Amino acid sequence: MTEDFYRIKRLPPYVFAEVNRLKAAQRAAGVDIIDFGMGNPDMDTPPHIVQKLIETVQKPRTHRYSASRGIPGLRRAQAGYYARRFGVTLNAETEVIATLGSKEGLANLAMAITAPGDVMLVPNPSYPIHPYGFMIAGGTLRHVPAQVNGRFDPEDYLRALDRAVAHSVPKPVALVVNFPSNPTAQVCDLAFYGELIKFAKKHHLWVLSDLAYAEIYFDDTPPPSILQIEGARDVAVEFTSLSKTYSMPGWRMGFAVGNERLIGALTRIKSYLDYGAFTPVQVAAAAALNGPDDCIDEIRATYKVRRDVLIDAMGRAGWDIPPPPATMFAWAPVPAAFAEIGSMGFSKILLAEAGVAVAPGIGFGEYGEGYVRLGLVENEHRIRQAARGVRKVLQNAPALLAAYANGQKD
């Protein structure tokens, strides 16, 4: 009775638990923590979406069980979004399902399509649900390096996928892609997606594309959808989320769209597990998708201002961070002076000495080592305040490293 349960034993230790413990201890001691460690949007949900929720929740009939795959109006709204944004026509009945955020959708689709021992190709570094959804489902992971010197190289990535397929036994069943990427903030283009679909069809692979950051981009070219590629729906399904697009993280509303067989499998699994999101939340989500886009532009502009302030302020402090082209994150190399202690050691020192929390790259996979992720979830004043603390840490690097190495600090 003392052994861990089977699926719990398969999960590795949660790397972020140590940082979270230290944050909690600091806060309990009254320390003001500037927290870039979480990807939790801090902006208010647009008023017209909140108002639709209030209006709908006052109707008692909406308090009953909802629809697991999403109410028809919500699925039609998501199909309308894809038509406007990507020029992709979806059948709202068979190619769209609402999920409780994209994370739940990814995890339950993994449960639906994974047999014990199935090999899945996952990017590394990666958002944890991408690999561990399959691991929980009983699959075996094959990690594919997703960056070279901190950058995504499409040709190198495709070569890495080819090697992974060639050297995997049994043959892989599916692969995951995530662009714009969490944590690396890298983007891809339609040419890459075209090659990826060719690759998937050649090797009979399902493709799961995570497009949660479709609307958080800072260049002139919006991120594409994999479903824009002709024939992609033969093998691919794509996940999106309202969490970042409309600053609705706690509402837990996302979607899976694309291949009918995969959508059907997810629909069947979910029918056993939930009755869908609360109906007023779904109605409000439909209002978001059908409503004006100016709120999306405002949210994107806020993130861009924060990004620019972060890059400038940290650069002045002595920490050169590449400007992310998309997402609400910056993927920052550990400063050279702290390279020997790795991303976890540097994260601990930043927290203890500057009151600045970041996410260590090792928490996103072994190939994330040497980097930390910073979320754009603090305002400009707080970002500049954090930079002042970072400057002190960098200026005192030799003394701090010696103190920690000698056990004078922990």
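The notes below deal with the structure included here. All values derive from a computational prediction rather than experimental measurement. (Residues numbered from 1 in each chain as written. Predicted model: local features only at pLDDT ≥ 70, side-chain atom pairs only at ≥ 80, totals over all residues. Heavy atoms only, no water.)

## Quick notes on the pattern of salt bridges
1) Next: For the coordinates displayed, the defined rule picks out 22 salt bridges.
2) Next: For Glu215, the salt bridge identified is with Arg85, shortest N-O distance 2.7 Å. Taken together, the residues Glu215 in the loop between β6 (206–210) and β7 (236–241) and Arg85 in helix α4 (residues 72–86) connect sequence positions 130 residues apart.
3) Next: With relative accessibility at 4%, the residue Glu215 sits in the buried group.
4) Next: Across the pair Asp308 and Lys304 runs a salt bridge whose closest N-O atoms are separated by 3.3 Å. Of the two residues, Asp308 and Lys304 are both situated in helix α12 (residues 294–317); the distance of four residues between them amounts to about one turn of the helix.
5) Next: Among the charged side chains, a network of salt bridges with common partners joins Arg85, Glu215, Asp297 and Arg300. (Salt bridge = Lys/Arg side-chain N within 4 Å of Asp/Glu carboxyl O. Helix = DSSP H or I, 4+ residues; strand = E, 2+ residues; numbered from the N terminus. Buried < 20%, exposed > 50% of the residue type's maximum accessible area, 1.4 Å probe, protein only.)

## Here we look at the pairing of strand β9 (residues 329–333)
1) Next: Counted residue by residue, β9 has four buried out of five residues, so it is predominantly covered.
2) Next: Bridge count between β9 and strand β12 (residues 371–375): five bridges; the pairing is antiparallel. Opposite Phe329, over in β12, you have Gly375 as the bridge partner. (Pairing = 2+ DSSP bridges.)

## Quick notes on helix α10 (residues 260–273)
Every α-helix carries 3.6 residues per turn, so stepping three or four residues along brings you back to the same face.
1) Next: Along its 14 residues, α10 runs 20 Å from first to last C-alpha, staying within 8% of the 20 Å computed at 1.5 Å per residue.
2) Next: Taken residue by residue, α10 has Leu262, Ile263, Leu266 and Lys270 as its buried positions. One side of α10 carries all its buried residues, which in axial view fall inside an arc of 95°. Exposed and oriented more than 90 degrees from the buried face of α10 are Arg261, Arg268 and Tyr272.
3) Next: Its buried side turned inward, α10 meets β2 (96–99), α5 (101–113), β6, β7 and β8 (254–258).
4) Next: The distance from a side-chain oxygen at the start of α10 to the backbone nitrogen of Arg261 is 3.0 Å, and the residue carrying that oxygen is Asn259. (Expected span 1.5 Å × (residues − 1). Arc of directions from axis to C-beta. Contact = heavy atoms within 4.5 Å. Polar contact = N/O pair within 3.5 Å; in protein donor to acceptor, adjacent residues only side chain to side chain.)

## Details of the sheet that holds β9
1) Next: Ordered by their spatial adjacency, three strands build an open sheet running β9-β12-β11, and the pairing between neighbours is antiparallel. Of all the strands in the sheet, just β9 and β11 (359–360) have a single pairing partner and so form its edges.

## Brief notes about the environment of Leu190
1) Next: Examined against the element boundaries, Leu190 turns out to sit in helix α8 (residues 190–202).
2) Next: A relative accessible area of 34% means that Leu190 is categorised as partly exposed.
3) Next: Considering only alpha carbons, one finds Leu190 and Gln228, 38 residues apart in sequence, at a separation of 7.8 Å.
4) Next: Apart from residues lying up to four places away in sequence, Leu190 is in contact with Pro224, Ser225, Gln228 and Ile229.

## Quick look at the pairing of strand β5 (residues 174–178)
1) Next: Counting buried positions along β5 gives five out of five residues, so the element sits mostly inside the fold.
2) Next: What you see with β5 is no split at all: Ala174, Val176 and Asn178 on one side and Leu175 and Val177 on the other are buried throughout.
3) Next: The pairing of strand β3 (residues 119–124) with β5 spans two bridges and is parallel. By the bridge assignment, Met120 is partnered in β5 with Ala174.
4) Next: Strand direction decides the pairing type here: β5 and β6, joined by five bridges, are parallel. When the sheet's bridge partners are listed, Val176 is paired in β6 with Leu208.
5) Next: As for the winding sense of the linkage, the β-α-β connection from β5 through α8 to β6 is right-handed. (Right-handed = clockwise from strand over helix to strand, strands pointing away.)

## Let's talk about unusual backbone geometry
Leaving glycine aside, a negative phi is the common case for residues, and trans is the common case for peptide bonds.
1) Next: Residue Pro170 is bonded to the preceding Val169 through a cis peptide linkage, with omega at 0°.
2) Next: Mapping Pro170 onto the fold places it in the loop between α7 (154–166) and β5.
3) Next: The amide bond that connects Phe179 to the next residue, Pro180, takes the cis arrangement and shows omega of -10°.
4) Next: Inspection of the secondary structure puts Pro180 in the loop between β5 and α8.
5) Next: Phi is positive for His204, which is not a glycine, with a value near 55°.
6) Next: Relative to the helices and strands, His204 resides in the loop between α8 and β6.
7) Next: Residue His204 is classed as exposed on the basis of its relative accessible area of 64%.

## Re the side chain of Gln147
1) Next: Within the secondary structure, Gln147 sits in the loop between β4 (140–145) and α7.
2) Next: Only 2.9 Å separates the side chain of Gln147 from the side chain of Trp331, close enough to count as a polar contact.
3) Next: Within the local environment of Gln147, its side chain forms a polar contact with the backbone oxygen of Tyr367, the two atoms lying 3.0 Å apart.
4) Next: Beyond its immediate stretch of four places on either side in the chain, Gln147 contacts Pro125, Thr184, Trp331, Tyr367, Gly368 and Tyr371.

## Examining the sheet that holds β2
1) Next: Reading across the sheet, the seven strands line up as β2-β8-β7-β6-β5-β3-β4 and stay open at both edges, with mixed pairing between neighbours. Each edge of the sheet is formed by a strand with only one pairing partner; in this case those strands are β2 and β4. Neighbour to neighbour, the strand axes of the sheet diverge by 20° on average, direction disregarded.
2) Next: Lying on the sheet, α7 is in contact with β3, β4 and β5; it crosses β4 at an angle near 150°.
3) Next: Across the face of the sheet, α10 comes into contact with β2, β6, β7 and β8 while running at roughly 40° to β2. (Axes fitted to C-alpha atoms, helices over the stretch in contact; angles between N-to-C directions.)

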